[in-house]
There are 2 protein chains.
Amino acid sequence: MEAMPYNRPMLLALLRKHDISPTHQRLEIAQVLFRRCHHLSADQILVMVNKRHAETSKATVYNTLNLFRDCGLIREVIVDPKRVFYDPNTEPHHHLYNVDSGEITDIAADALSVSGLPDLPPGMVTVGVDIIVRIRASDSLLG
Amino acid sequence: MEAMPYNRPMLLALLRKHDISPTHQRLEIAQVLFRRCHHLSADQILVMVNKRHAETSKATVYNTLNLFRDCGLIREVIVDPKRVFYDPNTEPHHHLYNVDSGEITDIAADALSVSGLPDLPPGMVTVGVDIIVRIRASDSLLG
DNA sequence: CTCTACATTAGACAAAGTCCAATAATTGAA
DNA sequence: TTCAATTATTGGACTTTGTCTAATGTAGAG
Ligand SMILES: [Mn+2]
Ligand SMILES: [Mn+2]
Ligand SMILES: [Zn+2]
Ligand SMILES: [Zn+2]
């Protein structure tokens with residue numbers, strides 16, 4: 001896994017490499033996504049990006065996340081029916097999901113192996129294999 | 001895996017066993033869920049249950065699905081950010097998800113093995129491991 | 001600097017799901 | 001069987017996540 005780009009020049013180069021016009025808003029959103037390698041929802045990103053000055057709209061956050069996703073810069077993590085999380089790590093990997101807190105943690109793909117995947121129907125191809133390990137505190141309700 | 005209950009008496013017994021009052025609406029919903037062992041969304045169930053006569057409200061469908069889920073009669077399948085699917089098969093198993101058509105197919109748990117799951121943080125316990133194999137037609141866009 | 005293509009925006013809209021307070025059904029005890 | 005108490009159902013308001021649109025703003029090639 002390569003290092004994440006931290007600073008403006010690196011982010012700018014990253015966007016240019018993907019033929020994305022590096023607007024102010026896109027750079028701000030990229031910075032939030034790539035600086036700390038977290039799993040964030042659109043709403044969390046909207047708040048973070050407008051922390052200093054309100055300068056990015058909800059529509060732009062969604063536009064940008066969809067653009068970055070389509071370009072393969074980020075990927076979606078579907079673990080919570082209430083909202084999508086965006087993951088700056090596009091290397092194959094899996095997730096630990098704390099169902100109480102909502103916290104999402106990476107599991108390296110090479111730490112983990114799956115065998116016995118079924119043959120696909122003819123003419124079908126695998127887009128990806130997502131493994132989600134749902135965890136909770138052992139003393140929480142039901143425990 | 002045991003056979004699914006088809007008819008009214010069996011469904012009635014199933015609900016009673018879980019201390020669920022077997023109302024007309026709950027029996028209709030159970031019948032839709034258990035008769036054909038599909039993965040259905042709340043909206044699909046609402047439509048199916050009201051096919052003959054409109055007799056069950058949206059609120060009741062959601063109430064009932066949440067009740068059945070809390071009782072362990074069904075489980076949720078989280079693969080599509082747009083809606084939850086409900087699965088009458090609560091045995092451990094995994095899913096093939098056709099991202100184009102939305103079709104969900106079961107993968108038997110014993111067909112498949114995962115090794116290398118990480119140690120959990122102390123005091124944490126696994127609720128479940130979900131594996132989703134996302135597939136599409138090899139000649140679809142991008143293919 | 002100008003022009004054009006592209007990006008951003010507010011706010012309307014849509015869909016999934018929850019909540020509420022009024023009504024209706026179920027149930028078990030009398 | 002009756003009846004009161006409990007529990008379930010309901011329409012519709014509400015919330016949240018996300019998309020769309022048409023008006024405005026901006027970037028950057030020439
Ligand atoms: Mn939802
Ligand atoms: Mn959604
Ligand atoms: Zn991740
Ligand atoms: Zn299933």
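Definitions and cut-offs
Residues numbered from 1 in each chain as written. Chains lettered and ligands numbered in written order. Predicted model: local features only at pLDDT ≥ 70, side-chain atom pairs only at ≥ 80, totals over all residues. Heavy atoms only, no water. Pairing = 2+ DSSP bridges. Helix = DSSP H or I, 4+ residues; strand = E, 2+ residues; numbered from the N terminus. Near = heavy atom within 4 Å. Polar contact = N/O pair within 3.5 Å; in protein donor to acceptor, adjacent residues only side chain to side chain. Nonpolar A, V, L, I, M, F, W, Y, C, P; charged D, E, K, R; others polar. Least-squares fit on C-alpha atoms with pLDDT ≥ 70 in both. Contact = heavy atoms within 4.5 Å. Donors = N, O, S within 2.8 Å, 3.2 Å for Na, K, Ca; no water. Buried < 20%, exposed > 50% of the residue type's maximum accessible area, 1.4 Å probe, protein only.

Turning our eyes to something else, we now look at the sheet that holds strand E3 (residues 83–87) of chain A. Residue and element names in this part refer to chain A. Taken together, the three strands give an open sheet; going across it, the order is E1-E3-E2, and neighbouring strands pair in antiparallel fashion. Edge positions in the sheet fall to strand E1 (40–41) and strand E2 (75–80), since each has one partner strand and no second. Strand direction decides the pairing type here: E1 and E3, joined by two bridges, are antiparallel. Its bridge partner lying in E3, Leu-40 is registered against Tyr-86.

A few words on the protein's contact with DNA strand D. In the neighbourhood of DNA strand D, 19 residues make up the surrounding shell, with Lys82(A), Thr23(B), Glu55(B), Ser57(B) and Thr60(B) lying closest. Those atoms of DNA strand D that come within 4 Å of the protein belong to sugar or phosphate at a rate of 74%. Here a base oxygen of DNA strand D and a side-chain polar atom of Lys58(A) are 3.0 Å apart. Note that a phosphate oxygen of DNA strand D is positioned 3.1 Å from one of the side-chain N or O atoms of Arg26(B). Broken down by secondary-structure element, the contributors of at least two residues to the surface near DNA strand D are helix H4 (58–70) and E3 of chain A together with helix H2 (24–35) and helix H4 (58–70) of chain B. Broken down by class, the residue content of the surface near DNA strand D amounts to six nonpolar, seven polar and six charged.

So, about the relation of the copies chain B and chain A. In the superposition of chain B on chain A (RMSD 0.1 Å, axial shift 0.0 Å), the rotation amounts to 180°. With respect to symmetry, the two chain copies, as superposed, fit the operation of a two-fold axis. The residues that chain B uses at the interface reappear at the interface of chain A in 100% of cases, marking a shared surface.

Residue and element names in this part refer to chain A. Coordination sphere of the zinc ion (ligand 3), protein contribution only: His-39 (NE2), Asp-87 (OD), His-93 (NE2), His-95 (NE2) and Asp-106 (OD), at 2.0 to 2.2 Å. Exposure remark for His-95: the relative accessible area of 3% places this residue in the buried category. Classification of Asp-106 by relative accessible area gives partly exposed; the value is 30%.

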